[in-house]
Amino acid sequence: MSGSSTGWAKAAALPLAVLVAAEIWFRGPGAASESLAAPSAVARAWAEALADGTLAVATYQTLIGAVGGLIIGAVSGLVLGFLIGLSRTAIALTTPSVELFRPIPSVALIPLAMLIFGFGYRIEMAIVAFATFWPCLILAQAAASQIEPRLLEVSKVIGLTPAQRLWKIVLPAAMPRIFVALRLAAGFALVVAVTVEIAANPQGLGYMLVIAQQSLRPELMLAALLWIGFIGWGVNAGLNVLQGRLFRHQRIAAEART
């Protein structure tokens, strides 16, 4: 316990030193700055936005768009990736199309999505789904194509259906890569959702950043920016914990073999 506390203290030392230095600067030479704000002002702005419900509503709107798009993109990407990865013919047929559409920046679809969906959650979910679809498809395809061929041959001999083969053989072997795909996709989902809100969709934390900038409130803008970073950190930490618990038996087995 003491070692853990010491580690946290060392990790917090540099950020705390930066905050103290910034506070001193903004109370002295930087007091006239109109583009940045002191940490104490940022903290007050965050507390006020939390107290009046502004921050909670914006967070809810961003998470709805990000999580909804993530579910659509991740599920479709994983399913299609597994189906493609189990067939060399499918890989050969789909690779040109994947390599053509995958490099398209998700934000480049904003004008098209606005024509189709207008404003609101649908445009955000659609663009987030496009952004998260590709990493899930690529990693699922790679995981499925690297399954031991003899396992698949044995599954055919014992009469497993394609669905049973996918559920009993492919998925257990591919789960570590699935979690890597989900962690990447979750990061993309939050970034893209906020970007869409900044560029085109008047809701959520991204729009809150725009309003704070336009109203010349750098303390609120920085508070929202740091809050977005905290949400991203929390999502990644939660997925790390879940991954550690789900695959603890694999780590124990690997340590036992060594």
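Quick caveat: nothing in here was measured; it's all calculated off a predicted structure.

Draft legend 1. Quick look at the layout of surface pockets. Counted as a void, the largest pocket has a volume near 530 Å³. What lines the largest pocket is a set of 20 residues, and nearest its centre among them are Leu19, Pro39, Val42, Leu222 and Leu226. Residue assignment for the lining of the largest pocket shows that the elements contributing at least two residues are α1 (2–27), α2 (39–51) and α10 (218–246). By residue number, the principal contributor to the lining of the largest pocket is α10, which donates 7 residues. The class makeup of the residues in the lining of the largest pocket is 19 nonpolar, 1 polar and no charged. In this structure, the second largest pocket spans a volume of roughly 400 Å³.

Draft legend 2. Structural view of the side chain of glutamine 141. Its location among the elements puts glutamine 141 in helix α6 (residues 121–145). Assessed through its relative accessible area of 14%, glutamine 141 is described here as buried. Ignoring sequence-local partners within four residues, the contact set of glutamine 141 consists of Gly81, Ile84, Gly85 and Ile91.

Draft legend 3. Broad picture of the UniProt feature "transmembrane region" (unreviewed entry) in the protein. Mapped onto this structure's residue numbering, the UniProt feature "transmembrane region" (unreviewed entry) falls at residues 61–86, 98–119, 178–200 and 220–242. Along residues 61–86, the helical share is 96% and the strand share 0%, with 38 Å between the first and last C-alpha atoms. Structurally, residues 220–242 is divided into 100% helix and 0% strand, and its ends, taken at the C-alpha atoms, are 33 Å apart.

Draft legend 4. Just the packing of aromatic side chains, in detail. The final tally for this structure, using the stated rule, is 5 aromatic pairs. Both rings, one in tryptophan 46 and one in tryptophan 227, keep their centres 5.9 Å apart while their planes meet at 55°; by these two values the pair is tilted. Here the residue tryptophan 46 occupies a position in helix α2, and tryptophan 227 occupies one in helix α10, the gap between them amounting to 181 residues. A relative accessible area of 30% places tryptophan 46 in the partly exposed class. Here the aromatic rings of phenylalanine 130 and tryptophan 134 are separated by 5.9 Å at their centres, their planes lie at 80°, and the arrangement is edge-to-face. Taken together, the residues phenylalanine 130 and tryptophan 134, both in helix α6 and 4 residues apart, mark about one turn of the helix.

Draft legend 5. Focus on the pattern of salt bridges. Applying the stated criterion to the full structure yields 3 salt bridges. In this structure, arginine 102 and glutamate 99 form a salt bridge, with 2.9 Å as the shortest nitrogen-oxygen distance. The class for glutamate 99 is partly exposed, based on a relative accessible area of 39%. A salt bridge links glutamate 219 to arginine 217; its shortest N-O distance comes to 3.0 Å. Accessibility expressed as a relative area gives 18% for glutamate 219, which makes it buried. Several salt bridges share partner residues, and in doing so they unite Glu48, Arg217 and Glu219 into one network.

Draft legend 6. Spatial organisation of the nonpolar core. If you look at the biggest cluster of nonpolar residues, it comprises 32 residues, and the most contacted ones within it are Leu70, Leu78, Phe82, Ile127, Cys136, Val170 and Val192. Ranked by the residues each element gives to this core, the list is headed by helix α8 (residues 162–199), at 12 residues. Sequence-distant contacts of valine 170, defined by excluding residues within four places in its chain, comprise Phe82, Leu86, Ala144, Ile147, Leu152 and Arg165. Of all hydrophobic cores here, the second largest spans 19 residues; its members include Ala37, Val194, Ala223 and Ile228.

Draft legend 7. Up close: the environment of alanine 66. By the secondary structure assignment, alanine 66 is in helix α3 (residues 54–85). Note on alanine 66: relative accessible area 7%, which makes it buried. Sequence-wise, alanine 66 and threonine 132 are 66 residues apart; in three dimensions their C-alpha atoms are separated by 9.9 Å. Residue contacts for alanine 66: discarding those within four places in its chain leaves Glu124, Val128, Ala189, Leu190 and Ala193.

Draft legend 8. Main features of a nonpolar patch on the surface. Taken together, the side chains of Leu63, Val67, Ile71, Val75, Val79 and Leu83 define a hydrophobic patch exposed on the protein surface, amounting to about 510 Å² of accessible area. On the secondary structure map, valine 75 appears in helix α3.

Reading the values: the criteria
- Residues numbered from 1 in each chain as written.
- Predicted model: local features only at pLDDT ≥ 70, side-chain atom pairs only at ≥ 80, totals over all residues.
- Heavy atoms only, no water.
- 1 Å grid on protein atoms, 1.4 Å probe; cavity = no way out; pocket = protein on both sides within 12 Å on 5 of 7 lines; lining within 4 Å.
- Points joined across faces, edges and corners; volume = space filled by probe spheres on them.
- Helix = DSSP H or I, 4+ residues; strand = E, 2+ residues; numbered from the N terminus.
- Nonpolar A, V, L, I, M, F, W, Y, C, P; charged D, E, K, R; others polar.
- Buried < 20%, exposed > 50% of the residue type's maximum accessible area, 1.4 Å probe, protein only.
- Contact = heavy atoms within 4.5 Å.
- UniProt positions renumbered as here; feature names shortened; annotations may be inferred.
- Phe/Tyr/Trp six-rings, centres within 6.5 Å; stacked < 30°, edge-to-face > 60°.
- Salt bridge = Lys/Arg side-chain N within 4 Å of Asp/Glu carboxyl O.
- Core = buried A, V, L, I, M, F, W, Y, C linked by side-chain atoms within 4.5 Å.
- Patch = residues over 30% accessible without salt bridge, like charges linked within 9 Å, V, L, I, M, F, W, Y side chains within 5 Å.
- Areas by Shrake-Rupley, 256 points an atom, 1.4 Å probe, with all protein chains shown as cover.

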